[in-house]
Amino acid sequence: MKKAKEILGYIFGFILSILMLLLSLILILKLTVYNRNYIKKVMSKNNYYQEVYNGIINDMEDYMVSSGLSNEILKDIFTEDDVKKDINNFIDNIYLNKYENIDTDKISEKLNNNINNYINKYNIEINSKKELELFVNDMTNFYKNEINVYGVLNNLINIFNKVNKLINILIVILIIISIILIVLLYIININYFGAIFAASGLMIFFIKLFIYEKIDMNNILLISDYFSNNIQYVLNTIGNYMLVIGYCFIVLGFLVYTISIKYFKTNKKTLKKDN
């Protein structure tokens, strides 16, 4: 009977350490990738809004080189605050599992007004209004593409939210099973909870070192430099969280082990006195 309890104890302890590992990794994702406020803070910290604004202006100016029009037609057609507002709306829609077209009517209207004023000011003749409409449409597309990351994320919105729902369910399941295992281990009278916590911490360290050694997080390049900077920042934050949680588990394991040893010695002395 004693051996059976020990075997069950080892099995339950191993499963519990795995569950704590999984729960830790999932909670890290909830604090970072699946936290829209965190993502917005990262973007603000890395000047993403300003970089996108500058990127749109640069794209428009480059496109205008062959148009014969001056950069003055871009004056006040949109602001950095407009860019920030549209990006934040785009992020909110991702987390709400919605897709909405970015409204560029005001930009088109302002751009058309600026072009008309420019044409009247310099007495320029426009041969084709259709070409002018296409030009304005292309210019607003630069804005849309930078705001919605060239539509790359649109096809992932549904998957992203399905994973989020799955994560929420997993958190509840993992917590319930972990509590059950802790109660069972207590009933079996297992005194190596410290080792279980320490094992979880060591596994987190191993996963962090394995992944971050194989992938150079600081050189990941996706879509644009400024978009990549945010991805790199989030991934490095996840790595830092893993280290912190790993250390916490190991320290907690050491404390639990120390307390259990003292408790065992105290009980042993009490039993000797009683005898």
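Residues numbered from 1 in each chain as written. Predicted model: local features only at pLDDT ≥ 70, side-chain atom pairs only at ≥ 80, totals over all residues. Heavy atoms only, no water.

**Some remarks on the layout of surface pockets**
The method is simple in principle: a probe with the dimensions of a water molecule rolls over the atoms, and the space it marks as empty is what remains.
Phase 1: Within this model, the largest pocket holds a volume of roughly 620 Å³.
Phase 2: Lining the largest pocket are 24 residues, with V33, I39, L153, F227 and I231 positioned closest to its centre.
Phase 3: Counting residues per element, the ones that place at least two in the lining of the largest pocket are α2 (36-45), α4 (80-95), α7 (157-188) and α9 (225-274).
Phase 4: Residues that form the lining of the largest pocket fall into these classes: 23 nonpolar, one polar and no charged. (1 Å grid on protein atoms, 1.4 Å probe; cavity = no way out; pocket = protein on both sides within 12 Å on 5 of 7 lines; lining within 4 Å. Points joined across faces, edges and corners; volume = space filled by probe spheres on them. Helix = DSSP H or I, 4+ residues; strand = E, 2+ residues; numbered from the N terminus. Nonpolar A, V, L, I, M, F, W, Y, C, P; charged D, E, K, R; others polar.)

**Looking at helix α3 (residues 48-63)**
Phase 1: A rise of 1.5 Å per residue sets the reference length of α3, with its 16 residues, at 22 Å; its end C-alpha atoms lie 22 Å apart and thus fit the reference within 8%.
Phase 2: The complete set of buried residues in α3 reads Y48, Y49, V52, G55, I56, I57 and M60. (Expected span 1.5 Å × (residues − 1). Buried < 20%, exposed > 50% of the residue type's maximum accessible area, 1.4 Å probe, protein only.)

**Some points on the nonpolar core**
Phase 1: Core analysis: the biggest nonpolar cluster contains 66 residues, and I73, F78, I87 and Y143 have the highest contact counts within it.
Phase 2: If we ignore the near neighbours within four places in the chain, the residues touching I73 are M64, L111, N114, I115, Y118 and F135. (Core = buried A, V, L, I, M, F, W, Y, C linked by side-chain atoms within 4.5 Å. Contact = heavy atoms within 4.5 Å.)

**Quick look at the pattern of salt bridges**
Pairs may arise between side chains of opposite charge once their charged atoms sit close together.
Phase 1: For the structure shown, the criterion picks out four salt bridges.
Phase 2: R36 is the partner of D92 in a salt bridge, and the nearest nitrogen-oxygen pair spans 3.3 Å. One end of the pair, D92, is in helix α4; the other, R36, is in helix α2, with 56 residues separating them in the sequence.
Phase 3: Between D92 and K40 there is a salt bridge, with its nearest N and O atoms 2.8 Å apart. With a gap of 52 residues between them, D92 in helix α4 and K40 in helix α2 connect regions that are remote in the sequence.
Phase 4: Residue D92 is classed as buried on the basis of its relative accessible area of 18%.
Phase 5: Residue K40 is classed as buried on the basis of its relative accessible area of 19%.
Phase 6: Through salt bridges with shared partners, a single ionic network connects R36, K40 and D92. (Salt bridge = Lys/Arg side-chain N within 4 Å of Asp/Glu carboxyl O.)

**Some details on the side chain of S178**
Phase 1: Locating S178 in the fold gives a position in helix α7.
Phase 2: Accessibility expressed as a relative area gives 8% for S178, which makes it buried.
Phase 3: In this view, S178 contacts L16 and L19; residues no more than four positions away in its chain are not counted.

**Observations concerning the side chain of E146**
Phase 1: Among the structural elements, E146 can be located in helix α6 (residues 129-147).
Phase 2: For the buried E146, which has no salt bridge, the nearest side chain bearing the opposite charge is K144, at an N-O separation of 15 Å.
Phase 3: Separated by 3.3 Å, the side chains of E146 and Y150 make a polar contact.
Phase 4: A polar side-chain atom of E146 sits 2.9 Å from a polar atom in the side chain of Y226.
Phase 5: Excluding anything up to four places from it in sequence, E146 contacts Y48, V52, G55, I56, D59 and Y226. (Lys, Arg positive; Asp, Glu negative; His and termini not counted. Polar contact = N/O pair within 3.5 Å; in protein donor to acceptor, adjacent residues only side chain to side chain.)

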